[in-house]
Amino acid sequence: MTEPLLIATHLSKSYTQGQRQIAALHDATLAVQPGEFVALVGRSGSGKSTLLALLGGLDRPDTGAVTVAGTDVAALSRRSAAIFRRRHVGFLFQTVDLLPTLTALENIMLPCALNSARGAASEAACREQALALLRMLGVEQLAGSLPDQLSGGERQRVGIARALVNQPDLILADEPTGSLDHAAGQQVVSALRQAARDQQTAVLLATHDEEVAALADRVLTISDGRLEQQPVDRRLPANLLTSI
Amino acid sequence: MQYIWTYARAAVLRNGYRTLGMLLGTLLAIGLLSAVLFYVDASSAHMTQAAIAGTPVDMQVILQPGASAGASLSSLQQQLSTQLGVKAAAPFSLAGFTSSRLTGGKRATATTPGALIAVEPSYFSTFAYPQIVQGRFDPGGVLISKDMATNLGAQPGDAILLTFPAPAPPFTTTVTGIADLSGADLLFAPTDPQHRGMAFNPPANVAILDLHTFNTQLRDALLAAPTQPFLQQATFGAAAAATANGNSGGAVVSVVDTNEPPVSEQLHVRINRGALAGDPVQAQQQTEQLRRQLERLAPGQVRILNNLDETIGKVKEDVLWAKILLIFLAGPGILLAAYLSRYATANLIAAQRRELALLRARGATPRQVVAIITAISGIVALIGIVLGILLGLATNMLATGQTVLAAGNALLLARSAGLALVAGIVFALVAMLLPTRALYLTGVQAGRSQIVLESERPLWQRFYLDVACLAAGLIVLYITQQNRFTPVVGGEGNATLSLSLFTFLAPALIWLGAALLLLRFSAGLFKTSGGWISRLLGGLFGPAGTFAAQGMARRYAPLQQIALILILTVAFGVSLSGFAATYRQQQRVDAELTLGADVRVTPDRSTPQTAAFASSLRNTPGVVAATPFDLNVAYVGSELQDIFGVNVFSLRQTATLADSFFVDESADSVLSRLAATADGIVVSEETAHDYSIAAGDHINIRLQQANNGQFVTVPFQVVGVAREFPTAPKDSFLVVNQDFLHQQIGSDSVATFLVRAAGDPAQLAATLTSSLAAQLPAAKLQVESIDDVTAQLTSTLTTVSLEGLTRIEWVYALLIAALALTIFLTGLLAERRTEYATLSALGATPIQVNIFILCEAAVAGVTGIIAGTVVGLALSQVLVTILTAIFDPPPSSMLVPFTSIGLLLALVSVGLIVSALGIVFLLGRLRPAQVLHTA
C-alpha cells in the first residue's frame, strides 16, 4: 500500500451567521491515495464544499489537520497556501468560474503562467501545455473563445483542462456536473476521470448525483457535516468508461 | 405597484455601496452646479452694490416750472422722507459762477466758469459725499473742488471772489476746505430728459456753499438773471479751463441750450439700498417703481431723475458678461459632475443588469422593468438633488466667506435653486435612460452574460464629431484673434467691455472636441492594451500584469469611463488653475497700473514731503524699493495734462514697466534715454497722435510755477512714446525727469511715493500707516495698496473675483475624482469578487490578485494624469486668449501655476493610491471559499 496523497484528520469547521453558530463540518477524517477517484456524496449544505475548501487550503479548519503530498496545508500562510495550490491542487467548480475576459486558452494557461518564471519561453511552454490539454479533451477549436461563448459542457472541459494544466497531485471538484444535464454531466466526469488517470492525478469529486458518484473508485458520504466512509471499491472497467 | 417598491427597496439594500455611490454622485453634481449658480448670484449682487456705491445721489427731485405754491421743496422733503424705501431727502441748489479769483494779494490767479453748489451741513453725513480731503465744511465759507484748488493755487484759509452774471453781485468768501468731487458728473448733467444722456465735460471748478447763506445772499439775485445757458457754458466748457488767466487760449467746447434755470433747486434722495435686488435688471425695476411712487406724491409738479437706474444700466452688461464668464469657466466642471452622476447611476443600474435580464426572461414587461429602474434610481436621485442644493449653498458660503442669503437675493436664489433642481432631474433622467436603453438593445441573453462586449462605434465617432468640434474651435479662435475685441472707454475713463459670445465659442468647442477625442483615443488605447500595455505590465508585474492587460483590452468600458473622468478632472483643474493664475496676475497688473505700484503713500498738501522721504520709506521692513513720483499738471497746447516727474532708476525698481507700455521700443531703451536726457520727455500715445509728435522732436510745455501759480513755457526733447504708465492707464500724460521738473517749477515737494512690497501689499500698507504715524506724527499721509484699488473697481468685469469660484471648483474636482475612483474600485471589487476568489483558488498569491486590480487603477490614473495635464494646459492657453480682450494691457503669455497644478496632480495621485490601498485591504478580507461557495 502506497502512502496516501491526502490525509485529513478530525477536521471541524463552523461559521457564524448572524448570531448563529453553524457547524459546517464535524470531526471529518479521510485519506485519498495517489491516482484515486473518490466521490463525496451529500445533499446541498451537507458540508461538501467546506471540506473541499479545507483540503485545498482555501480555508483553515477550526480543529484537525490536513496533509497533502506531505505538506501540512493548514499551517501554511496565505501566500504559501496559494503557491502550494498552484503546484499540487487543481480546483473545478460547479459554475466553472472561468475568468470572463480571458479566452479558453488563456484561462487554461493562467495557473501555469502564474507558476512560471517570467519570459516568453515559459509563456510558450504554458501555451503548448494548454493546447495539448484542449486537444486531449477534444475542444481544441474552442481555444480562442470567450467563456460567454461556450456551452456549459464546454466550459467544464475548459475547467478540467485548467485544473490539470500544472499536473497537480490532486483535483478537488465541487459539483462539476451540477449545472449540466445528465448526458453532459456523464461526459464531463468521464473526461475528468480519463484525464486524471492519464496524469496519475487523484480526484475528490463532490456531488449530490448518485449516478455520477457511481463512476468513482470510492464513495464518501457526508451528511450534516459528518463524513461516513463506504469501503466499496467501485472502480469501473476502462472499456465502459470510454463508451460513455 | 407594491411589488415594484418591494423589489426596488430590496435592490437598494442589496447594493448599499452602489446606492450610496449614486447618492453621492448626484449630491456632488448638483452641489457643484448650485454652488456655481449661487456664486454667480453673489457676484452679480456684489457688482450691482459696488456700482451703486459710487453713485453719490440715488434720485434727484426737480421742481417743475410753474409748480403750484403748495408743492414747495420743504413740504415735499417731509413727504419724501417718510416714504417706504426712502432713507433720506435733502435740499440741493446748483448755480453757476462766471469766474473765481484768489484774493488777498497772495497771487493773482483766476478760473473759468464753474458750478456753485449749496447744501445744508447735514448733507455730507446723509450722502457720505463729497469727501472732504482737507479742512472742513463751515457755513461761514466754502469748500472748493481739488481741481479748483489746483487752478487757483488756493488753500484753506485763502479768500476767494466768485463773480456771477448781472444783476448778481460778486461774492467774497473764505476757503474752509477742499473736497473730492470725483464721480459727481451726474449732479452737473442737464436735468432735462432731452440732454440728460449727452456726453459732457463736468466742471473742474466747483464751490460748495452753505444753503442758508446761499438762499439769503445769492439765490434771489441769481434767479433774477436772464435765462441763459451760463450754467451749461460752465458745464460743457470746462475743458477750456483757465481762460481768464490769459494763458490758455481755449474756447468753449460746446454750448447747449438746455433751458436750465439759473438756479436749479432740487431734493436729493437716498433710498434704502440694502433692499435692492442683487440682480441688476430687478434692481432697476425696483428703483423705477420707487421713482414712480415718489412722482405720484406731487403729480405734474416734480420730475425725478433716477441716477441709480442709469448707474445700474451701465453695469448691467458687465454683470451679464461676468455671469457668462463664470458659468463658462464652471461649465466643464458641471459637465464633469453630470458625467459622474451618470456614471454612478449607471453603476447602480449595472449591478441590476443580470437580475433585470432574468426578470425579463421570466416575463417582466418593459414597462415593469422601467418602473423598477425608475423606482430604484429616481428616489435616490431626488434625495441627492435636494441635499445637493443645500450642499451648494453651504459650499458657496464656506468658499466665499459671504452669505448669499441677503433679502435682496431671494429671487435670485430661488431661481438658481429651481434651475439646479431642473438640471438635477434632467441629469437623473439621462443617467437612468441611457443604461435602460442599453439594457434593451443588448437583449435578454446578452444581458445575462458576465461581461458586456463593446458594440459598434457610436454615431458621433462615425461622423467624427470630435474632430469637427476641434477644427471649428480652432477656426473660431483664429478669427477672434484676428479681430481683437477692443475695450470701449466710457465716461471718466471707466472701461466698459465690448465682448462677443463668439469669444467663448472657441474654448467651448475645443472643450467638447477634446473630451470626445479623448473618449475615442482612450477606447483605442485600452482596446489594444493586450499589446504594448500587456508587455509593459508583464515586464513590471509578471504574468499577472500580462493577464490583467489582456482582461482590460476586452472589458475596457469601465476603465475608459474612469480614465475619462480623471482626464477631465485633471484637465479641468489644470486649465482653471492656469486661467485663474493669469487672471489674477492681470488683475494685479491692472491694479498696479492704476495705483502705480504695490503701495502708494501720498502726503497731504499741508505737510509736503521731499524726495528724501523715499529713503525713510525704504528703511521700513517689508519695503523692497520706493520712489518719489511727482504729479503735476501742464499744458500741451490748450490741453491740460498730467505730468509725472520721475526718478528713472528707483522707479524701475519699484513699479512694473512692461515693454508693452511703450510704442515701438522696449521699456529699457526709452527709460534709459529719459534718464540720460535731462530735459527729456515721454509723451502718451494719444498726445503723440493728436499733436503729431515723434521721438526726437522738441516741444514746448507750459508748467505751473509753485510760487505764483503762473504757467511758463519750458522746452523739452521727446525721447519716447508710451501707451501706459504707472498711475496713468489710458490717459493723456507726460513723463519727465523729476530733478528737471523741480528746477523748472521751483519746488522740491513730491506729490506721492510709490513702494514695492516684499510680501502682501495690504499688510505693508498697514505697517507703513502705523510706522509713519509713529515716525512723523505731524505728517498727514494717505497710504493705499493695490487691494484698495481693486475694491474700488469692483463694478468692472476685470475685477470679478475668481478666487471663490476656483476654490469651489477645486474642492469639487477633487471630490469628484475621489468618488469616481472609489465607485470604480469598489465596483471592480463587487463585480469581480468571484474572479478574484477564483484566481486565489487557482494559486494566485495575494500580491498577484492585487496586481489584477492595481493594474487597472494604475492605467486609469496614469492616463488621466498625463492626458489631463496636456489637455488642461492647452485649454488654459485657449482660455487665456479671452483675457486679451478683457485686460488692458493684455497678458503677454499664460502663467503656469506650477505649485497649484503640482498640488492638484499630487492630490489626484494620493486619492488614487489611497483608493487602491483601500481596495487591497478589502481584497485581503475576501474569503475565497465563501465567495466561491455562494457564487
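Everything numeric here is computed off the predicted structure, so don't read it as measured data.

## Thoughts on the overall build of chain B
- Of the regular secondary structure elements, chain B holds 31 helices and 24 strands.
- The 935 residues of chain B split such that 56% are buried.
- In chain B, the share of contacts with a sequence separation of at least 24, taken over all contacts with a separation of at least 6, comes to 81%.

## Notes on the overall build of chain A
- Helix and strand counts for chain A come out as 8 helices and 10 strands.
- For chain A, the C-alpha radius of gyration of 17 Å lies close to 18 Å, the compact-globule estimate for 244 residues.
- Projected onto its principal axes, the C-alpha coordinates of chain A cover approximately 45 × 45 × 40 Å.
- Each of the 244 residues in chain A was classed as buried or not, and the buried ones make up 56%.
- Considering only contacts within chain A whose residues lie at least 6 apart along the sequence, 70% involve residues at least 24 apart.
- Counting only carbon and sulfur atoms, one obtains 48% of the accessible surface of chain A, whose full area is about 10200 Å².
- Within chain A, one finds 22 positive and 25 negative side-chain charges whose respective centroids are separated by 5 Å.

## Some remarks on the packing of aromatic side chains
- According to the stated counting rule, one finds 13 aromatic pairs over all chains in the structure shown.
- Here the aromatic rings of Phe-92 of chain B and Tyr-123 of chain B are separated by 6.0 Å at their centres, their planes lie at 35 degrees, and the arrangement is tilted. Highlighted residues: Phe-92 of chain B in strand β2 (residues 86–97) and Tyr-123 of chain B in helix α4 (residues 123–127), separated in sequence by 31 residues.
- A residue is classified by how much of its surface remains accessible, and Phe-92 of chain B, at 2% relative accessible area, is buried.
- An aromatic cluster is present here, built from Phe-92, Tyr-123, Phe-124, Phe-127 and Phe-137 of chain B joined pairwise through their rings.
- Positioned above the aromatic ring of Phe-37 of chain A, the side-chain terminus of Arg-193 of chain A is 5.2 Å from the ring centre.

## Thoughts on the nonpolar core
- Core analysis: the largest hydrophobic core is formed by 216 residues, its most contacted members being Leu-30 and Leu-55 of chain A together with Tyr-836 of chain B.
- The element that contributes the greatest number of residues to this core is helix α28 (residues 803–841) of chain B, accounting for 19 residues.
- In this structure Leu-55 of chain A touches Leu-6, Ala-8, Leu-11, Leu-30, Val-66, Val-68, Val-73, Leu-172 and Leu-204 of chain A, once residues within four positions along its chain are discounted.
- Core analysis: the next-biggest nonpolar cluster, separate from the first, contains 26 residues, Leu-116, Ala-118, Met-148 and Phe-164 of chain B among them.

## Quick notes on the state of the cysteines
All names here are of chain A.
- Under the criterion given, the structure shown has 1 disulfide over all chains.
- Here Cys-112 connects covalently by a disulfide to Cys-126, the sulfurs 2.0 Å from one another. Given an S-S torsion of about -80 degrees, the disulfide between Cys-112 and Cys-126 has left-handed geometry. Remark: Cys-126 occurs in helix α4 (residues 120–136) and Cys-112 occurs in helix α3 (residues 104–115); sequence separation between them is 14 residues.
- When its relative accessible area of 11% is taken as the criterion, Cys-112 is described as buried.
- Judged by relative accessible area, which is 1%, Cys-126 ranks as buried.

## Topic: a nonpolar patch on the surface
Residue and element names in this part refer to chain B.
- Taken together, the side chains of Trp-5, Ile-379, Ile-383, Val-386, Leu-387 and Leu-390 present a nonpolar region at the surface, about 530 Å² in accessible area.
- For the nonpolar patch, the leading source of residues is helix α13 (residues 366–400), giving 5 residues.
- For Ile-379, a relative accessible area of 39% corresponds to the partly exposed category.

## What about the interface of chain A and chain B?
- Taken together, the contacts link 32 residues of chain A with 37 residues of chain B.
- Taken over both partners, the interface formed by chain A and chain B buries close to 3100 Å², and the fraction arising from carbon and sulfur atoms is 63%.
- The interface formed by chain A and chain B holds 2 salt bridges in total.
- Between Arg-927 of chain B and Asp-59 of chain A there is a salt bridge; the shortest N-O distance is 3.7 Å.
- Along the contact surface separating chain A from chain B lie 7 residue pairs in polar contact (both at pLDDT 80 or more).
- For the side of chain A that touches chain B, the residue count by class is 16 nonpolar, 4 polar and 12 charged.

## With respect to the sheet that holds strand β4 (residues 63–68) of chain A
Residue and element names in this part refer to chain A.
- Taken in spatial order, the 4 strands of this open sheet run β2-β1-β4-β5, and their pairing is antiparallel. Both outer strands of the open sheet, β2 (20–32) and β5 (71–72), are each paired with one neighbouring strand and no more.
- Note that strand β1 (residues 6–17) and β2 share 9 bridges and pair antiparallel. If you follow Lys-13 over to β2, its bridge partner there is Leu-25.
- Relative to the sheet, helix α1 (residues 48–55) contacts β1, β2 and β4, its axis offset from that of β1 by approximately 120 degrees.

## Quick notes on the pairing of β4 of chain A
All names here are of chain A.
- Pairing geometry for β1 and β4, over 5 bridges, is antiparallel. Counterpart to Ile-7 in the pairing with β4 is Thr-67.
- Direction of pairing for β4 relative to β5: antiparallel, over a ladder of 2 bridges. Considered in β5, the bridge of Thr-67 is made with Asp-72.

## Brief notes about α28 of chain B
All names here are of chain B.
- The terminal C-alpha atoms of α28, which comprises 39 residues, lie 54 Å apart, in line with the 57 Å expected from a rise of 1.5 Å per residue.
- Within α28, the axis deviates most sharply at Arg-832, by approximately 70 degrees.
- Taken from the residues just after α28, Gly-843 is the one with a positive phi, measuring 105 degrees.

## A word on a negative patch on the surface
Residues and elements named next belong to chain B.
- Together, Asp-664, Glu-685, Glu-686 and Asp-690 make up a negatively charged patch on the protein surface.
- Along the chain, Glu-685 falls in helix α24 (residues 685–690).
- In this structure Glu-685 comes out as partly exposed when scored by relative accessible area, which is 37%.

## Some remarks on the pairing of strand β6 (residues 142–145) of chain B
All names here are of chain B.
- Because side chains alternate across β6, one face comprises the buried residues Val-142 and Ile-144, and the other comprises Leu-143 and Ser-145, equally buried.
- Bridge count for β6 against strand β8 (residues 171–180) is 4 bridges, and the pairing is parallel. Considered in β8, the bridge of Ser-145 is made with Ala-179.
- Alignment of β6 against strand β9 (residues 206–210), held across 3 bridges, turns out to be antiparallel. Bridge pairing in β9 links Ile-144 to Ala-207.

## As for the confidence of the model for chain B
Residue and element names in this part refer to chain B.
- When pLDDT is averaged across chain B, the result is 79; 85% of the residues are at 70 or more.
- Segment residues 228–257: pLDDT under 50, and 72 contacts once partners within four positions in sequence are set aside and those in other chains are kept.
- This model gives residues 485–498 a pLDDT under 50, and the stretch forms 28 contacts once residues within four places in sequence are excluded.
- At the level of chain-chain contacts, confidence expressed as ipTM amounts to 0.87, with global pTM at 0.71.

## Description of the packing of α3 of chain A against helix α5 (residues 152–164) of chain A
Residues and elements named next belong to chain A.
- Contact pair α3 / α5: the axes reach a minimum separation of 7 Å and the direction vectors enclose 25 degrees. Considering the angle they form, α3 stands roughly parallel to α5. The crossing of α3 and α5 is right-handed. Only Val-158, Ala-161 and Arg-162 of α5 make contact with α3, whose side of the interface consists of Ala-104, Asn-107, Ile-108 and Pro-111.
- Broken down by class, the residue content of the contact of α3 with α5 amounts to 5 nonpolar, 1 polar and 1 charged.

## Let's talk about the environment of Gly-153 of chain B
- By the element assignment, Gly-153 of chain B lies in the loop between α5 (146–152) and β7 (159–163).
- C-alpha separation for the pair Gly-153 of chain B and Thr-109 of chain B, spaced 44 residues apart in sequence, amounts to 7.5 Å.

## Re the pattern of salt bridges
- Summed over all chains, the structure comprises 26 salt bridges over all chains.
- Between Asp-62 of chain A and Lys-13 of chain A there is a salt bridge; the shortest N-O distance is 3.7 Å. One end of the pair, Asp-62 of chain A, is in the loop between α1 and β4; the other, Lys-13 of chain A, is in strand β1, with 49 residues separating them in the sequence.
- On the accessibility criterion, Asp-62 of chain A (43% relative accessible area) is partly exposed.
- Look at Lys-13 of chain A and you get buried, because its relative accessible area is 9%.
- For Asp-598 of chain B, the salt bridge is made with Arg-756 of chain B, and the minimal N-O distance between the two is 3.4 Å. Taken together, the residues Asp-598 of chain B in the loop between α20 (557–595) and β14 (599–603) and Arg-756 of chain B in strand β23 (residues 752–757) connect sequence positions 158 residues apart.

## What to know about unusual backbone geometry
- Pro-130 of chain B follows Tyr-129 of chain B through a cis peptide bond whose omega is -15 degrees.
- Mapped onto the secondary structure, Pro-130 of chain B falls in the loop between α4 and β5 (131–135).
- Even without being glycine, Asp-224 of chain A reaches a positive phi, approximately 50 degrees.
- When its relative accessible area of 57% is taken as the criterion, Asp-224 of chain A is described as exposed.
- The residue Asp-664 of chain B is not glycine, and still its phi comes out positive at about 65 degrees.
- Topologically, Asp-664 of chain B is positioned in the loop between α22 (648–654) and α23 (667–676).

Rules and cut-offs
- Residues numbered from 1 in each chain as written.
- Chains lettered and ligands numbered in written order.
- Predicted model: local features only at pLDDT ≥ 70, side-chain atom pairs only at ≥ 80, totals over all residues.
- Heavy atoms only, no water.
- Helix = DSSP H or I, 4+ residues; strand = E, 2+ residues; numbered from the N terminus.
- Buried < 20%, exposed > 50% of the residue type's maximum accessible area, 1.4 Å probe, protein only.
- Contact = heavy atoms within 4.5 Å.
- Rg over C-alpha atoms; globule rule 2.2 N^0.38 Å.
- Areas by Shrake-Rupley, 256 points an atom, 1.4 Å probe, with all protein chains shown as cover.
- Lys, Arg positive; Asp, Glu negative; His and termini not counted.
- Charge placed at Lys NZ, Arg CZ, Asp CG, Glu CD.
- Phe/Tyr/Trp six-rings, centres within 6.5 Å; stacked < 30°, edge-to-face > 60°.
- Lys NZ or Arg CZ within 6 Å of the ring centre and 35° of its normal.
- Core = buried A, V, L, I, M, F, W, Y, C linked by side-chain atoms within 4.5 Å.
- Disulfide = S-S within 2.5 Å.
- Patch = residues over 30% accessible without salt bridge, like charges linked within 9 Å, V, L, I, M, F, W, Y side chains within 5 Å.
- Salt bridge = Lys/Arg side-chain N within 4 Å of Asp/Glu carboxyl O.
- Buried area = accessible area lost by both parts, 1.4 Å probe.
- Polar contact = N/O pair within 3.5 Å; in protein donor to acceptor, adjacent residues only side chain to side chain.
- Nonpolar A, V, L, I, M, F, W, Y, C, P; charged D, E, K, R; others polar.
- Pairing = 2+ DSSP bridges.
- Axes fitted to C-alpha atoms, helices over the stretch in contact; angles between N-to-C directions.
- Expected span 1.5 Å × (residues − 1).
- Bend = angle between axes of the 7 residues up to and from the residue.
- pLDDT = per-residue confidence, 0-100.
- Parallel < 35°, antiparallel > 145°, perpendicular 65-115°, else oblique.
- Left-handed = near helix turned anticlockwise from the far one by under 90°.

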